[in-house]
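# Structure at a glance
One letter stands for each residue in the lines below.
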Amino acid sequence: MADNPKKKGRDRELVSEQEHEVAYLMRTAKVTRQKALQAIREAGPNRDNVMAYLQSK
């Protein structure tokens, strides 16, 4: 169940700085923890934007 029941849409399209999310990002994009966190902060919470940011670097 979503954290906010009024919010519509899919949670899996978003990425946060939670430990398990950063670990998944590190594993899939093959980057360091620091680069993963920087990508989330620079590109925002959208998973597609974060992956595009990491691929462009």
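Before reading further, recall that the structure is shown in the block above.
Figured I'd write up the structure that's included with this text. In this text, all values refer to a predicted model and were calculated from it rather than measured experimentally.

## Some points on the overall build of the protein chain
Looking only at helices and strands, one finds three helices and zero strands in the protein chain. The order of helices and strands in the protein chain, counted from the N terminus, is α-α-α. Taken across its 57 residues, the protein chain has 25% of its residues classed as buried. For the protein chain, the proportion of contacts with a sequence separation of at least 24, taken over those separated by at least 6, is 37%. Accessible area of the protein chain: about 4,700 Å², with a carbon and sulfur share of 48%.

## A word on the nonpolar core
Listed in full, the 11 residues of the largest apolar core are Val 15, Val 22, Leu 25, Val 31, Ala 36, Leu 37, Ala 39, Ile 40, Val 50, Tyr 53 and Leu 54. Among the secondary structure elements, those contributing two or more residues to this core are α1 (19-29), α2 (33-43) and α3 (47-56). With four residues, α2 is the largest single contributor of residues to this core. Apart from the residues within four sequence positions on either side, Leu 54 is in contact with Leu 25, Ala 29, Val 31, Lys 35 and Ala 39.

## Let's talk about the pattern of salt bridges
Across all of its chains, the model carries three salt bridges by this definition. Glu 17 serves as the salt-bridge partner of Arg 41, at 3.2 Å between the closest nitrogen and oxygen. With Arg 41 in helix α2 and Glu 17 in the segment before α1, the pair connects residues that are 24 residues apart, well separated along the chain. A salt bridge links Arg 33 to Glu 19; its shortest N-O distance comes to 3.1 Å. Taken together, the residues span a long stretch of sequence, with Arg 33 in helix α2 and Glu 19 in helix α1 at a distance of 14 residues.

## Considering α1
If you check which residues of α1 are buried, you get Glu 21, Val 22 and Leu 25. The buried residues of α1 occupy one face: seen down the axis, they fall within an arc of 100 degrees. Exposed and oriented more than 90 degrees from the buried face of α1 are Glu 19, His 20 and Arg 27. Along its buried surface, α1 packs onto α2 and α3. Count one or two residues on from α1 and you reach Lys 30, which has phi positive near 55 degrees.

Here is what the cut-offs are and how they apply
- Counting restarts for each chain: residues are numbered from 1 in the order of the written sequence.
- Totals for whole chains, interfaces and linings use every residue, but because this is a predicted model, local features are given only for residues with pLDDT of at least 70 and side-chain atom pairs only at 80 or more, for both listing and counting.
- Only hydrogens and water are set aside; all other atoms, that is, all heavy atoms of the structure, feed into the side-chain values.
- Only DSSP runs of H or I covering at least 4 residues are called helices, and only runs of E covering at least 2 are called strands; the numbering of each starts at the N terminus.
- Residue burial is assigned from relative accessible area. The probe radius is 1.4 Å, only protein chains are included, and a residue is buried under 20% of its type maximum, exposed over 50%, and partly exposed in between.
- What makes two residues a contact is simply this: any of their non-hydrogen atoms within 4.5 Å.
- Here, Shrake-Rupley sampling with a 1.4 Å probe gives the accessible areas, and only protein chains in the shown set may cover a residue.
- Here, nonpolar core means buried Ala, Val, Leu, Ile, Met, Phe, Trp, Tyr and Cys residues that are tied together by side-chain atoms lying within 4.5 Å of each other.
- The working definition used for a salt bridge is a side-chain nitrogen of Lys or Arg within 4 Å of a carboxyl oxygen of Asp or Glu.
- To obtain the arc, one takes the directions from the helix axis to the C-beta atoms.

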